[in-house]
Amino acid sequence: MEQSESTVNNSLVFAVNGKRFEVSTIHPSTTVLEFLRSHTPFKGPKLSCGEGGCGACVVLLSKYNPILDQLDDCTVSSCLTLLCSVNGCSITTTEGLGNSKDGFHPIHERFSGFHASQCGFCTPGMCMSLFSALVNAEKTPRPEPPLGFSKLKVSEAERAIAGNLCRCTGYRPIADACKSFSADVDMEDLGFNSFWRKGDSKEVKLSSLPLYNHSDEICTFPEFLKNETRSTLLLDSRRYSWYSPVSIEELQRLLGFVEDGNGSRVKVVVGNTGMGYYKEVESYDKYIDLRHIPEFSMIRRDNTGISIGATVTISKAIEALREYNQSGFYSEGDMVYKNIADHMEKVASGFIRNSASLGGNLVMAQRNHFPSDIATVLLAVGSTVNIMNSLKSEELTLEEFLRRPELDSKSILVGVKIPDRDRIMGISSGTKMKLLFETYRAAPRPLGNALPYLNAALMAKVSRCTTSNGIIVSNCRFAFGGYGTKHPIRATKVEEFLTGKVLSVGVLCEAVKLLKGIVVPDDGTSSPAYRSSLAVSFLFEFFSHLVEANAKSPDGCVDGYSTLLSPAKQLDHGKISTLLSSAKQEVELNRQYHPVGEPIAKSGAAIQASGEAVYVDDIPSPTNCLHGAFIYSTKPLARVKGIKLNPKSVADGVSALISFKDIPGENIGCKTIFGTEPLFADDFTRCAGEYIAFVVADTQKHANMAANLAVVDYDMENLEPPILSVEEAVRRSSFFEVPSFISPKQVGDFSRGMAKADHKILSAEIRLGSQYYFYMETQTALAIPDEDNCIVVYSSIQCPENAHTTISRCLGIPEHNVRVITRRVGGGFGGKSMKAIAVATACALAAYKLQRPVRIYMNRKTDMKIAGGRHPMKVTYSVGFKSNGKITALHVDILINAGIGVDISPIMPMLMVGALKKYDWGAFSFDIKVCKTNHLSKSAMRAPGEVQATFISEAVIEHVASTLSMDVDSVRSRNLHTFNSLNFFFEGCAGEHVEYTLPLIWDKLATSSSFKERTDMIKQFNMCNKWQKRGISRVPIVHEVSLKATPGKVSILSDGSVAVEVGGIELGQGLWTKVKQMTAFALISIGCDGMGDFLEKVRVIQSDTLSLIQGGLTAGSTTSECSCEAIRLCCNMLVERLNPIKERLQEQMGSVEWGTLILQAQSQAVNLSASSYYVPDFSSFQYLNYGAAVSEVEVNLLTGQTTILQSDIIYDCGQSLNPAVDLGQIEGAFVQGIGFFMLEEYTTNSDGLVVTEGTWTYKIPTIDTVPKQFNVEVLNSGHHKNRVLSSKASGEPPLLLAVSVHCATRAAIREARQQLLSWTGLTKCDSTFQLEVPATMPVVKELCGLENVESYLQSLLS
Ligand SMILES: Cc1cc2nc3c(=O)[nH]c(=O)nc-3n(C[C@H](O)[C@H](O)[C@H](O)COP(=O)(O)OP(=O)(O)OC[C@H]3O[C@@H](n4cnc5c(N)ncnc54)[C@H](O)[C@@H]3O)c2cc1C
Ligand code: FES
Ligand code: FES
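Residues numbered from 1 in each chain as written. Chains lettered and ligands numbered in written order. Predicted model: local features only at pLDDT ≥ 70, side-chain atom pairs only at ≥ 80, totals over all residues. Heavy atoms only, no water.

Condition: UniProt positions are given in the numbering used here, feature names are shortened, and annotations may be inferred rather than shown by experiment.
Per an unreviewed UniProt entry, the recorded name for the protein chain is indole-3-acetaldehyde oxidase, and the organism is Vitis vinifera. Under the UniProt heading Sequence similarities (unreviewed entry), the entry covering the protein chain gives this text: "Belongs to the xanthine dehydrogenase family."

**Some remarks on the overall build of the protein chain**
Our working rule: A run of H or I in DSSP becomes a helix once it reaches four residues, and a run of E becomes a strand once it reaches two; helices and strands are each numbered from the N terminus. Restricting the calculation to C-alpha atoms gives the radius of gyration, and the globule rule supplies 2.2 Å times the number of residues raised to the power 0.38. Burial status follows relative accessibility: with a 1.4 Å probe on protein chains alone, a residue under 20% of its type maximum counts as buried, one over 50% as exposed, and anything between as partly exposed.
On a plain count of helices and strands, the protein chain comes out with 43 helices and 44 strands. A compact globule built from 1358 residues would reach a C-alpha radius of gyration of about 34 Å, and the protein chain, at 32 Å, matches this within 12%. The principal-axis extents of the C-alpha atoms in the protein chain amount to approximately 100 × 85 × 80 Å. Every one of the 1358 residues in the protein chain was classed for burial, and the buried ones make up 64%.

**A few points about helix α14 (residues 358-368)**
Residues three or four positions apart in an α-helix share a direction because the helix packs 3.6 residues into each turn. Summarising burial for α14: 8 of the 11 residues are buried, a large majority. Listing the buried residues of α14 in full gives Leu358, Gly359, Asn361, Leu362, Val363, Met364, Ala365 and Gln366. Following α14 by one or two positions, histidine 369 has its phi on the positive side, about 60°.

**What about the UniProt feature "binding site: [2Fe-2S] cluster 2" (unreviewed entry) in the protein chain?**
Our working rule: Contact between two residues is taken to exist if any of their heavy atoms lie within 4.5 Å; hydrogens are not considered.
Feature annotation in UniProt assigns "binding site: [2Fe-2S] cluster 2" (unreviewed entry) to the following positions: Cys119, Cys122, Cys166 and Cys168. In summary, the annotated positions, though distributed over 50 residues, converge in three dimensions, the widest C-alpha pair being only 9.4 Å. Mapping cysteine 122 onto the fold places it in the loop between α2 (106-113) and α3 (123-138). Here cysteine 168 is to be found in the loop between α4 (154-160) and α5 (172-179). Once residues within four sequence positions are removed from consideration, cysteine 168 is found in contact with Gln118, Cys119, Phe829, Gly1224 and Gly1228.

**A word on the site of ligand 1**
Where we set the bar: Proximity is defined per residue: any heavy atom of the residue falling within 4 Å of a molecule or strand makes that residue near it. Between N or O atoms, a polar contact is any pair within 3.5 Å; within protein, one atom must be a potential hydrogen donor and the other a potential acceptor, and residues adjacent in sequence are included only when both atoms are from side chains. With residues, only the protein chains shown are counted as cover, and all accessible areas are computed by Shrake-Rupley using a 1.4 Å probe.
The environment of ligand 1 is made up of 35 residues, and the closest members are Val268, Thr273, Gly274, Ser357 and Asp373. Contact between ligand 1 and alanine 348: a nitrogen atom at 3.4 Å from a main-chain N or O atom of the residue. Computed on the free molecule, ligand 1 has an accessible area of 970 Å², of which 96% lies beneath the protein chains in the complex. Listed by contribution, the elements that provide at least two residues to the shell around ligand 1 are β7 (266-269), α14, α15 (373-380) and β13 (412-419). The element best represented in the shell around ligand 1 is α14, accounting for 5 residues.

**Some remarks on the sheet that holds strand β1 (residues 12-16)**
Picture the strands of a sheet paired through backbone hydrogen bonds; they go either parallel or antiparallel. Put simply, the test is: Whether two strands pair depends on DSSP finding at least two bridges between them. Only the stretch in contact is used when fitting a helix axis, every axis being a line fitted to C-alpha atoms; angles between N-to-C directions are given from 0 to 180 degrees.
Spatially, β2-β1-β5-β3-β4 is the arrangement adopted by the 5 strands of the open sheet, whose pairing is mixed. A single partner strand is all that each edge strand has here, and the edge strands are β2 (19-23) and β4 (70-77). Going from strand to strand, the sheet's axes swing by 30° on average, the running direction of each strand aside. Lying on the sheet, helix α1 (residues 32-39) is in contact with β1, β2, β3 (58-65) and β5 (90-92); it crosses β2 at an angle near 110°.

**Remarks on the nonpolar core**
Put simply, the test is: For this analysis, a nonpolar core means a set of buried residues of the types Ala, Val, Leu, Ile, Met, Phe, Trp, Tyr and Cys, connected via side-chain atoms within 4.5 Å.
Among the nonpolar cores identified, the biggest contains 280 residues, and Phe111, Phe478, Phe480 and Leu498 are the most heavily contacted of them. Top element by residues in this core is helix α39 (residues 1219-1239). It accounts for 11 residues. Look past the residues within four positions of phenylalanine 480 in its chain and what remains in contact with it is Thr376, Leu454, Asn455, Ala456, Leu458, Pro488, Ile489, Ala491, Leu515, Val519 and Ala535. By size, the runner-up hydrophobic cluster in this structure holds 47 residues, among which are Leu626, Ile663, Ala688 and Val818.

**Digging into empty space enclosed by the protein**
What counts is decided by this rule: Lining residues are defined by having an atom within 4 Å of a point belonging to a cavity or pocket. Those points lie on a 1 Å grid over the protein atoms alone, cavities being sets where a 1.4 Å probe fits but cannot get out and pockets being open sets with protein on both sides within 12 Å along at least five of seven lines. Grid points are joined across faces, edges and corners, and a volume is the space filled by probe spheres set on the points. Just so you know the grouping, Ala, Val, Leu, Ile, Met, Phe, Trp, Tyr, Cys and Pro go in nonpolar, Asp, Glu, Lys and Arg go in charged, and all remaining residues, Gly too, go in polar.
In this structure the tally under the stated criterion is 11 cavities of 30 Å³ or more. In this structure, the second largest cavity encloses a volume near 90 Å³. Looking at the second largest cavity, the residues that line it are His115, Ser117, Gln118, Lys602, Gly1068, Gln1069, Gly1070, Ala1220, Val1221, Gly1224 and Gln1225. Counted by class, the lining of the second largest cavity contains 2 nonpolar, 8 polar and 1 charged residues.

**Regarding the pairing of strand β25 (residues 691-697)**
Of all 7 residues in β25, 7 are buried, a share of seventy percent or more. With 6 bridges joining them, strand β19 (residues 626-632) and β25 adopt antiparallel strand pairing. Within the sheet, the bridge partner assigned to isoleucine 631 lies in β25 and is alanine 693. One ladder, built from 4 bridges, connects strand β21 (residues 654-658) with β25; its direction is antiparallel. Considered in β25, the bridge of leucine 657 is made with valine 695.

**Observations concerning the sheet that holds strand β16 (residues 471-481)**
Read across the sheet, 4 strands follow the order β14-β15-β16-β17 without closing on themselves; strand pairing throughout is antiparallel. The strands lining the two open edges of the sheet, one partner per strand, are β14 (434-442) and β17 (489-490). In this structure, strand β15 (residues 454-464) lies alongside β16, joined through 10 bridges in antiparallel fashion. Of the residues in β16, the one forming a bridge with alanine 457 is alanine 479.

**Quick notes on the packing of helix α30 (residues 908-916) against helix α31 (residues 946-964)**
A packed helix pair is summarised by two numbers, namely the angle formed by the two axes and the spacing between the axes. We apply this condition: In this scheme, roughly parallel covers angles under 35 degrees and roughly antiparallel covers those over 145, while 65 to 115 is roughly perpendicular and the rest are oblique. Put simply, a crossing is left-handed when the front helix is turned counterclockwise from the back one by less than a right angle, and right-handed when it is turned clockwise.
Interhelical geometry of α30 versus α31 gives an angle of 40° and a closest axis separation of 8 Å. By the angle between their axes, α30 is oblique relative to α31. The chirality of how α30 crosses α31 is right-handed. Contact residues: α30 offers Leu911, Met912, Ala915 and Leu916, while α31 offers Glu946, Gln948, Ala949, Thr950, Ile952 and Ser953. Here the contact of α30 with α31 is composed, by residue class, of 6 nonpolar, 3 polar and 1 charged.

**Concerning the side chain of arginine 1283**
The criterion, for reference: In this tally, Lys and Arg are treated as positive and Asp and Glu as negative; His is ignored, and so are the chain termini. A pairing counts as a salt bridge when a side-chain nitrogen of Lys or Arg comes within 4 Å of a carboxyl oxygen of Asp or Glu.
Tracing the sequence through the fold places arginine 1283 in the loop between β44 (1269-1275) and α40 (1293-1296). Of the side chains with opposite charge, glutamate 1121 lies nearest to the buried arginine 1283, which makes no salt bridge, at 4.8 Å. What arginine 1283 contacts, discounting residues up to four positions off in sequence, is Leu1043, Ser1180, Tyr1183 and Lys1288.

**Looking at the environment of proline 210**
Within the element layout of this structure, proline 210 appears in the loop between α6 (202-208) and α7 (223-230). As for proline 210 and phenylalanine 195, which are separated by 15 residues in sequence, their C-alpha atoms are 8.4 Å apart. If near-sequence neighbours (up to four positions away) are discounted, proline 210 is found in contact with Pro106, Glu109, Arg110 and Phe195.

**Looking at the packing of helix α27 (residues 800-811) against helix α28 (residues 834-850)**
Between α27 and α28, the least distance of the axes is 9 Å, while the angle of their chain directions is 40°. Viewed along their axes, α27 and α28 adopt a mutual orientation that is oblique. Relative to α28, α27 is oriented so that their crossing is right-handed. Seen from α27, the contacting residues are Asn802, Ala803, Thr806, Ile807, Cys810 and Leu811; seen from α28, they are Met834, Ile837, Ala840, Thr841, Ala844, Leu845 and Tyr848. Its residues assigned to classes, the contact of α27 with α28 comprises 10 nonpolar, 3 polar and no charged.

And the structure:
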């Protein structure tokens, strides 16, 4: 490409946290995140999705305008922002706000104190989103806030983190931390925290919050950079292959050279967010940055409309569209702009909109058929666009632009013009015409960060009909898009039909019919009928107020023109004003074992917030380090004939391809008590997603690219067809054996129970799908060869011990040559147990073979393809019951799809049966088969089998209730266990009568949640509302857990500080915090002076498999208490050793300081290190947990959207070891359960290969999808003699309570179906229906009636 005129010999200069960086050369495809993480000490920004969908990488980007002397500060996703585009800018990461040495920022401290950081992987991004909101709020002309507060409003504080994902906390505490900065916050609304106690006055609360002083906020743009930016910002294009034309002419010249003949790939770029969706496998060689051409970045408004340059970001466009409403009063034309702005606010998330350009969006819609919202909305308002290429420029309508053949790489969009109201529809002010304009989108997340199933923008010009009493449509424009069409379309046939018509129900019926023939998704689009039905819903909604009035009008036409046209009359679905309305946390503290029982903040939370916490991928690469990426199979059963790397990737730094042939020991990549699984496929691959090889290259990017481009040669000839369903597994008798010691036992006699029944349901069927862990930190490991054939592996894993033995067997070296180290894990949920072993082993193998350090940080796509996830299953049940709802017998047949490897699948029957026994079924029998299929092996995910079993139990109860037409809550109550039946079902682990707290919880929850009153109110609501129905449901849980043998080690150092090692791994669940508390409690018992702040002296250190052996697996909810007990044993030993010395000293000196005692003990050669191996007593190693939840939801019958209005939980934690930690576990687990029941679809293609491979298709809950009101009580049920300091587990059981949301949704749908029947003239209720899991919008809408609008209109007509 020829050197352009404007090329200046400038270097790439920017600041990070106030430090100057000058980069002399860099590949132009390098992102800010790559640079920060590999070239700076700032590892706060994390890589989690790499596609703009999670917010883990968010940084503050500040740009200085020397002419206006103005600073623009905004968040961006550093994983998509290109480094060359930040020339002259300043970047602030969470490290720039503060740190442990110089002092944390109040954001860090409040995140810690509000318990808003668990695994901490999302926390730096969250902090930066909040920080940016604070910085920008301070720039507003709002009144000065009181001391300690900012100008930020509560609603803004919540929304600041709307695009950031967190998989651990459930968001409520994060929202509280953010809201605590808002001047308009009601301190009473701020949740449980470590700053104040319940009942403290407002003043005390205020004074205990870490002080925020908005006037001495961090400087986001250093002075030295201001001086540099006063000169030009243009980069030396040759050096960086980055071209920044400053005029259209220059751009045209550059475009003329796009094809420079040497095959280099050139890309026009603005925000580069498009890369989040279209992840090109190969990167570009040269970039043309459009942002320096003035015409491309202008915003101009005149009386013909608003013109917006193509490089204007969506955020700036929103500001501009809103700017004309300073008075707070909207004219009709401004209302159009306001609605467009409101809609744009639901595009992506704030940190994407801040860099994503309007032009980029429209070009993606035109060229790549991206399901754009902006194109649809701008199409409806008759926008025009300007395009140019190297020769000419032209203006055309957006409609023409979209319909044209795809834009070539030399054509550039200059800008877009949104015409003024007068021009849109030919309305001039003063006429009697009224303009109606609404935009719609139906998406899994109301606030954005989710592509829509369909979007729409509808505009109509209406006026009073002169001959009738109705309203006449003079003109209209209806645009629909995003539904599986190449580009948005106008429903011209509907427009033509309506034009000139007087609105009536009949007319609307006809319009709806026409529309259904127009909005038809392309073949292969998911939920096509649902998407078409949405178009109908939106058209109906647009005219609904007119239709309603019409129904009352005697002549079939509409009256009341002026009132009807007021916008307030229109339905306002999907417009959420508040996110979390309120929340209550009830916690009864227990001081008996101080500091155990105190709600102290999670150990390490502040350094997690400040970015100082070190995760595996934050460990600096050792010299010579290589990076690996897996090549996985895409076939379920095939011969692997060969693997070909792309010649280009070999040139790009690939140094080895490791496969099963390179294994010196056994081909083993996973080991559980049930068996092993191979690391790599050998000559055969047996499931899609199985590892075939490991590419090793100089950078992670090169390794990923090489793995992506590698071609595997498969041969399927003469092979049996793979087993891809549980039915096929049964046909071919392909099962895993369940050892007898974990085989569950039947309860009672099923036939006898059935004989007692008045009614029977036989062979009802349910199917349940999988769920992906979505830990924010993907699989990662770093292996370093050591002297004498040894190897050290840093792994993010829940079971380092299993990795240790697997590595030793795979490498063929003794176990003492291997050391696996794990400090913290960025979220596990079961996914970092068995699946992490292969990742650590592959790195170890490559490092061992190449004798160089090798690391991997798996990309999200591969992680999702290989994770396995929750076990899918097919369930058939038969149940007998009395006429009063008492169930007398239940039988379930369950076919569990375990996949190809054994993993932990043989324990599934035991876990499922344990959870199925939550009700007194009278008699309970089952036949559970663990099917071996050619799917990737499924692994444990938080509450494995138990969550499915809970669902099955509730489905049975619901089925019984609807068969009997009984209130489902009374059927539940009738079948709750008595203590006798509990003992019968859970022989040996039901504990004592007083410990059975479920009946108490059940009643208490009814009162605290006003269950009965709300049930009545809901009936009332449902009678008065046609298009929203509410449902409420109360569910109990009985959840069995087992303790396990766990090691511990406590060492007292010479200064009296204490280092603690435990077998359990800190996954964010607060294990270290509880262990610290237990250490302090147990050592304080020695009774020395000066032990007041003893917690400060205790540090739990990383797990090291050679230092502490037999660590086992961190899973099953009880690792914290077992680790605590192991530590208590160690401390008791130490106290016993120290006691004689202490007593002697006390006699001599009267009192003894801890430090003096330790020095004395050292001098007397007392062993100050003690280890233990806690082995739970056989008689008490299992126990039951109890809880209950009430959830209330509202279902929108037009879209299928479910809003969780309120959830109330009471959960028995015994005497909680740390109520703050347990509360976090309860809320976080519940929200993860909401994901399973309502949102998350983890699907595969017909070969069993996972197709949901990122944040675009896999939707975990966000702050806008969790309960708006979320009340949790951590019940302190007092003394439990066999428990660790009377405590009970909290990690998994609360997840099961999320079934209450699903059941409430079912109740709301039941109402909708009843109403639908009445519209169709039928009276019988068909309340027996299955609601799938997850109950996504299409699923819900289908049950409410895909054609419910048509039915309603017909009912009006008849
Ligand atoms: C996580 C995420 C969620 C999203 N959600 C939504 C959503 O819900 N609804 C929605 O509508 N959009 C959504 N988007 C899309 C987003 O709006 C676009 O990615 C963005 O607007 C593109 O702008 P950009 O400046 O980053 O373009 P770039 O990434 O810089 O460019 C995109 C493409 O357009 C080309 N290009 C850019 N500008 C021009 C121009 N002026 N002339 C010619 N070619 C040009 C580039 O060469 C490239 O091919 C989402 C994006 C992300 C990352
Ligand atoms: S890593 Fe950048 S948004 Fe997810
Ligand atoms: S704390 Fe948010 S993802 Fe773990």
